[in-house]
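The primary structure of each chain is shown beneath.
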Amino acid sequence: MAKMTMVEAIRDAHAVAMERDERVVVFGEDVGYFGGVFRCTKGLQQRFGVSRCFDAPITESGIVGAAVGMAAFGLRPCVEIQFADYMYPAYDQIVSEAARLRYRSAGDFSAPLTVRMPVGGGIFGGQTHSQSPESLFTHVAGLKTVMPSNPYDAKGLLIAAIEDDDPVIFLEPKRLYNGPFDGYHDRVATPWSRHELGEVPEGYYNVPLGSAAIRRPGSAVTVLAYGTMVHVALAAVETYGVDAEVIDLRTLIPLDLATIVASVAKTGRCVVVHEATLTSGFGAELAALVQKHAFYHLGAPIERVTGYDTPYPHSQEWAYFPGPERIGAALARVLEG
Amino acid sequence: MAKMTMVEAIRDAHAVAMERDERVVVFGEDVGYFGGVFRCTKGLQQRFGVSRCFDAPITESGIVGAAVGMAAFGLRPCVEIQFADYMYPAYDQIVSEAARLRYRSAGDFSAPLTVRMPVGGGIFGGQTHSQSPESLFTHVAGLKTVMPSNPYDAKGLLIAAIEDDDPVIFLEPKRLYNGPFDGYHDRVATPWSRHELGEVPEGYYNVPLGSAAIRRPGSAVTVLAYGTMVHVALAAVETYGVDAEVIDLRTLIPLDLATIVASVAKTGRCVVVHEATLTSGFGAELAALVQKHAFYHLGAPIERVTGYDTPYPHSQEWAYFPGPERIGAALARVLEG
Amino acid sequence: MTKGGRADNEVAARDGEPLTLVMPGPVVRPGQRPDFSHYGAFAPGAFRRPAVDDSAESMVDLATGLIRVLDDDGNAVGPWNLNLDASSLREGLRVMMLTREFDRRMMIDQRQSKTSFYMQCTGEEAIACAFQSALRTGDMNFPTYRQQGLLVAAGYPLELMMSQVYSNTMDPLHGRQMPVFYSAREYGFFSISGNLATQFVQGVGWAMASALTGGSAIAAAWIGDGASAETDFFSALVMASTYRAPVILNIVNNQWAISTNEAVARGQAPSFAARGRGFGIPALRVDGNDYLAVHAVASWAAERARANLGPTLVEWVTYRTAAHSSSDDPASYRSADEPSAWPLGDPIERLAKHLMVLGALDESQLATLTEQVESEVGAAQLKAESFGTLKDGPKPSPREIFEDVFKTMPESLASQEREAGY
Amino acid sequence: MTKGGRADNEVAARDGEPLTLVMPGPVVRPGQRPDFSHYGAFAPGAFRRPAVDDSAESMVDLATGLIRVLDDDGNAVGPWNLNLDASSLREGLRVMMLTREFDRRMMIDQRQSKTSFYMQCTGEEAIACAFQSALRTGDMNFPTYRQQGLLVAAGYPLELMMSQVYSNTMDPLHGRQMPVFYSAREYGFFSISGNLATQFVQGVGWAMASALTGGSAIAAAWIGDGASAETDFFSALVMASTYRAPVILNIVNNQWAISTNEAVARGQAPSFAARGRGFGIPALRVDGNDYLAVHAVASWAAERARANLGPTLVEWVTYRTAAHSSSDDPASYRSADEPSAWPLGDPIERLAKHLMVLGALDESQLATLTEQVESEVGAAQLKAESFGTLKDGPKPSPREIFEDVFKTMPESLASQEREAGY
Ligand SMILES: Cc1ncc(C[n+]2csc(CCOP(=O)(O)OP(=O)(O)O)c2C)c(N)n1
Ligand SMILES: Cc1ncc(C[n+]2csc(CCOP(=O)(O)OP(=O)(O)O)c2C)c(N)n1
Ligand SMILES: [Mg+2]
Ligand SMILES: [Mg+2]
């Protein structure tokens, strides 16, 4: 075991995957020599050579489009989009191509690629370095969508994503890269080295896609969260002293519905938390599923605590961020309900 | 009043808008000389000249990108994407640019453009001529999203969309272009000329964005639908003899939540119907909203009847389409619930 | 300084004239006389054949020329004449004729509702058929919907193509794809997407993968004149230029993109091949209705790719004789006389004439060949129809809706399948 | 035929060598000696000045040349020397110096947390400043984040720029945008997007709108060397070429895109300007550190646009002396000696020298100018800071989060605002 930040864990996942499987190639903007603007691919080019890890021109459609061709050839490309906010030029290749290749060719070709991208706010990135576009992927049949909340999962899930035979969108909450973030932006941050999930096994392991983790068992209300918001939810639950069961979804597609439904059946209350904007965010799907599958257990309407339906503002970032207070208020509402 | 198909109504809406406002320009692939592959812009170039209606090269990002620049200049571009399935190359310009221009420039610039695109299946178009990507727009703050279900609304809503000061995504159910479609694909089709909403006033009028229409009042269950599925839902309700209130949303954003909630408060049951795939479809948002705002009225879980979470298949189209039978089964389930 | 400051800096320039735009379109419209004189200037044999390792810069003229081998009298002339042997030429003729006959039958079947849709490549057969003859096993095409000739020339079973068109129980794609959107990995034919241009950059990626793994297979990507305006066309050029990928980038300029003339996508450029100039990619414009020219240029480009000299961009000039698709009627947007006025002729007739000039074919042999081709297609059709068509007979199971979304079906989809009850 | 058929058709080609890719990168990395000799060959005054209505074809050489006016001794030479009067030159010097001083102060402020982020244009000032001098009121720039010189040269109030950087209560963008993402319609400066390249095609659309309405205003779009690989760069070229839009398409080649050398985006092309060749768009490569050359070429391109001669593509060659942004440290990816080895010098020093050679500036006047510039920026800063910075003082209201999403706030958003309780 080693203490790792999420950046280090992601780097390590790459190295493990590249070591085990020659078909894994890594590329993207600033990814090669420099090792990525968040340094998630640092050292890979030196270690594995320029044919395994290299710089790409600034063309997200070119990067993903080429990766689809490489995956169809038989490689396992793992590419980085510098910020999720910049994935849109690649969206056609992801949605129309990677996601449907196996289906449309009846298995004659497939596209086992991984597309990594940092998501979420909290770094004063304004509207173009803060987005959480997960529901733009979860709506697309043929894609798997993953968002880790800690170094242990980040490594295990990324290895699983690269090993997966289908395209995986791997969303990295950038605010978690160097330490857990509980939403109290004005308090002193703790580093991953002091968090239990900053303990990361060396070498190979994986965290299977499709299984959620219960981060805090509880009986009063179920909180569904992923990525950064797992930590914020845990902080809110603690601050407001609520006996909540906090579930970290880890993968959105495939979704671990069984764990969710079992929890809500037990608690009878549910709050969904995400940083993405409210309308048609993934929280809508979660609410729709929970009301369907746990309807007769629910004692109050499911609440969603999310980003407001606006672009991510720059200087008002902390007024925008769905922090512990808003979660606390929602918990109070569902517990009253 | 005149009898019009939906194609004719859309054509007429263009002509009325272009006549009233010199700033309206219309362009897209095959849109100029030929008048569009669905003939929705036929005759406009002859009538208004090549500077007001013209052909574009096959570059959706170029078309919408140029339209954003034109709108920022002060024009009112109304552009056609040949099929919604081909909007992805323009998605960046829609999401990152048109939708956020007013916000990011604090009103210094705005992007009052309309992007029209045919949606939906039922014409053996397979996975690339059948999609209903509405929830990829409803998730984006700054966009309005409209889907008419008949010629009267199509004309009135398109005029309202072009007049709107913000970007509007105008989704046209292609299966409705030439007649209402009730989902019974093997029965004889009726033409719009025999449908009351095929009566379209000549000249100017509009249907304001943001107001739903109750197509059939009822008390047992509320059915929420839009586009083609309004007709399919009405047919299902009739076939299965259910006293449903069928609401045609007409615009998804802004959503007429008041009408929806009032109806569910009355009926205590709700079925949401759309052709788009289930997961993270707009039905998820509707279900999330309804359970939140009408929780204490609901007697059964909200059901969603939608496209399956797969690409749209070609020859199995009618096995895929969420037809009257599936709606009937869902109605039965919620009424039992 | 105030914002008025800029006015002080005004440069002396012509003033006054209001700005206008150019609105490109075809030279003629219905009812007018076609004019293809801009292609008239290029004589067969007129353009040199550079060494494969010549610089892109040294051959910029070839992007606006027109490489031709067959002249009007059926002779093969000039430096691009590779003197292909008669049996290869006869085989070329045969696969072009097969392709045309296949199209003809499928078009009739579409009218008879045996399929929902069809797209012919009439008049463009030489491009795909001759190109395929320059490829090797393992190479991969990334085609559009109008390169059925690649499959026919590669020997892909016609009954499988037909079954795909019919969406029957022998359809390798299980009815999921629209007609003509074939996929045949083993025959070097990548799954066709309905989205224009996406395949172009995928082809570059495939070629990169081949090179990254030290392989020897090359890729060929295909696109139409109209679709070359699409962004992924340029993504492909960027990626190919940056990494010098072993790929042949083919633009089929058949003069039309549905109702839109090639002038709209081309803009102020003198040719589509000229696009390559900006990327340092050797670019050639070629008579696409000339089997010999296509074979020669394809072989040259393949040789460049295999020799690690990188991508080649080729514009194949041809004419879309037929409608865009079974949903289209060109009468309303182009002159009815265009097909006959087209100066580069018909590829099948031209190759047949050449074979006759060579003494390698006579009228009776041609008649026999025609019969063989018709009966081959007829036999394939009988077989395919026995597995059903869209209209009649057996059909792929609706369960196929749920398969192959993922390698392993997730529970959420399995439950949808259960609910569907198929 | 069987699928093996293709093997029969194999062409004779060099065999065996495994395929490889080229992996472009900079000539040198940290610790190595920089080499810019590829720019060394271009003497000031060496390239002709074509008539504005000359064909694109006739000037292809200019896309790989380097148009320069100022020589190393401070003389203005050659056909592109427009003999600008001394007061215009002094004004050019002043705005360049203002821009640099502005950057210097803001960079310090970023280190002091008065703002979250900053981007300098150090060494690239001539491009934006001289370019703006060729525009007229009503023309519109579609800039990237490194053209602050356009605003400074247009006389936009420095305190408003600073307020935007500080996200304070005078920020015209109400704190919503990241620092340096200005918007100033009245000053011909389009709202900056964080998404690279999107503005390039919007600029073409704006120019089209001007022409469609018979106006006389032109547009200028801006992009970096790295971002020119982005698809919307090509959408812009397609649209501009197709409609011959009155737009100037500017590529600022400052050699780096964060850590990525210009060679990666450029690929096998000899220059970025060369991209224009494939579109029939006149394309010129220019010494971007030469105020006189920039002014002359910008004026020439503007004249073309105004005279309905359509788009011009210009590559401005410069060097990004500073880090990419306040978040970047170039030491780990490029040689520390690069800035000093850069052969095209510093634009401010070069123009100052020229003015001295002309006898229009002496050391003491320069010192005075420096003082004036410092005090102007200092005064603006005092004023701006009185409205707050990101760190201290008043801030835009959180209610601004909810405004301007739409012209009229929909009820769904109003209810979110109410819930937020701001
Ligand atoms: C991204 C995208 N946009 C639009 C279309 C609709 N469309 C299908 S074919 C076609 C014309 C293509 O013309 P061209 O590239 O010249 O090929 P050709 O049909 O002539 O072979 C269009 C616009 C599409 N399939 N995909
Ligand atoms: C679509 C998109 N992809 C990636 C980025 C991240 N990014 C910001 S600046 C930059 C480098 C741009 O380099 P260049 O175009 O040369 O401009 P320069 O910074 O040198 O002025 C990158 C990759 C982005 N902003 N937008
Ligand atoms: Mg064509
Ligand atoms: Mg740069």
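To start, this report covers the structure provided alongside it. (Residues numbered from 1 in each chain as written. Chains lettered and ligands numbered in written order. Predicted model: local features only at pLDDT ≥ 70, side-chain atom pairs only at ≥ 80, totals over all residues. Heavy atoms only, no water.)

## Concerning the coordination of the magnesium ion (ligand 3)
Residue and element names in this part refer to chain C. Looking at the magnesium ion (ligand 3), the protein donor atoms are Asp225 (OD), Asn254 (OD1) and Trp256 (O), and they sit 2.0 to 2.1 Å from it. All donors of the magnesium ion (ligand 3) come from a single chain, and their spacing in sequence reads D-x28-N-x1-W. Residue Asp225 is found in the loop between strand S2 (219-224) and helix H8 (231-243), and its partner Asn254 is found in the loop between strand S3 (247-253) and strand S4 (256-257); the two are separated by 29 residues along the sequence. (Donors = N, O, S within 2.8 Å, 3.2 Å for Na, K, Ca; no water. Helix = DSSP H or I, 4+ residues; strand = E, 2+ residues; numbered from the N terminus.)

## Points about the coordination of the magnesium ion (ligand 4)
The textbook angles at a metal center are 109.5 degrees for a tetrahedron of four donors and 90 or 180 degrees for an octahedron of six. Residue and element names in this part refer to chain D. Around the magnesium ion (ligand 4), the protein contributes the donor atoms Asp225 (OD), Asn254 (OD1) and Trp256 (O), which lie 2.0 to 2.1 Å from the metal centre. When the donor residues of the magnesium ion (ligand 4) are listed from N- to C-terminus, their spacing reads D-x28-N-x1-W. On the criterion of sequence distance, the pair formed by Asp225 in the loop between strand S2 (219-224) and helix H8 (231-243) and Trp256 in strand S4 (residues 256-257) is long-range, its members being 31 residues apart. With respect to class, Asp225 is no different from Trp256; both count as buried. (Buried < 20%, exposed > 50% of the residue type's maximum accessible area, 1.4 Å probe, protein only.)

## Remarks on the site of ligand 1
Within the structure, ligand 1 sits among 20 residues, and Glu60 of chain B together with Tyr145, Arg146, Ala227 and Trp256 of chain C are positioned closest to it. Glu60 of chain B places a polar side-chain atom, nitrogen or oxygen, 2.6 Å from a nitrogen atom of ligand 1. Interatomic distance of 2.8 Å between a backbone N/O atom of Ala227 of chain C and an oxygen atom of ligand 1. (Near = heavy atom within 4 Å. Polar contact = N/O pair within 3.5 Å; in protein donor to acceptor, adjacent residues only side chain to side chain.)

## Here's the deal with the environment of Ala99 of chain A
All names here are of chain A. By the element assignment, Ala99 lies in the loop between helix H4 (88-98) and helix H5 (101-104). Sequence-wise, Ala99 and Val188 are 89 residues apart; in three dimensions their C-alpha atoms are separated by 42 Å. With sequence-adjacent residues up to four places away left out, Ala99 is seen in contact with Ile94, Val140, Ala141, Gly142, Leu143 and Pro167. (Contact = heavy atoms within 4.5 Å.)

## Considering the interface of chain D and chain B
Across the contact, 39 residues belong to chain D and 41 residues belong to chain B. The contact between chain D and chain B buries some 3200 Å² in all, and 62% of this surface belongs to carbon and sulfur atoms. When the buried surface of chain D facing chain B is broken down by residue, Arg185, Leu212 and Phe406 of chain D rank first, second and third, together holding 19% of it. Linking chain D with chain B are 1 salt bridge. At the junction of chain D and chain B, the tally comes to 21 residue pairs in polar contact (both at pLDDT 80 or more). For the side of chain D that touches chain B, the elements supplying multiple residues, two or more each, are helix H7 (198-212) and H8 of chain D. The biggest single contributor to the side of chain D that touches chain B is H7 of chain D, with 9 residues. Here the residues of the side of chain D that touches chain B are counted per class, giving 19 nonpolar, 13 polar and 7 charged. (Buried area = accessible area lost by both parts, 1.4 Å probe. Salt bridge = Lys/Arg side-chain N within 4 Å of Asp/Glu carboxyl O. Nonpolar A, V, L, I, M, F, W, Y, C, P; charged D, E, K, R; others polar.)

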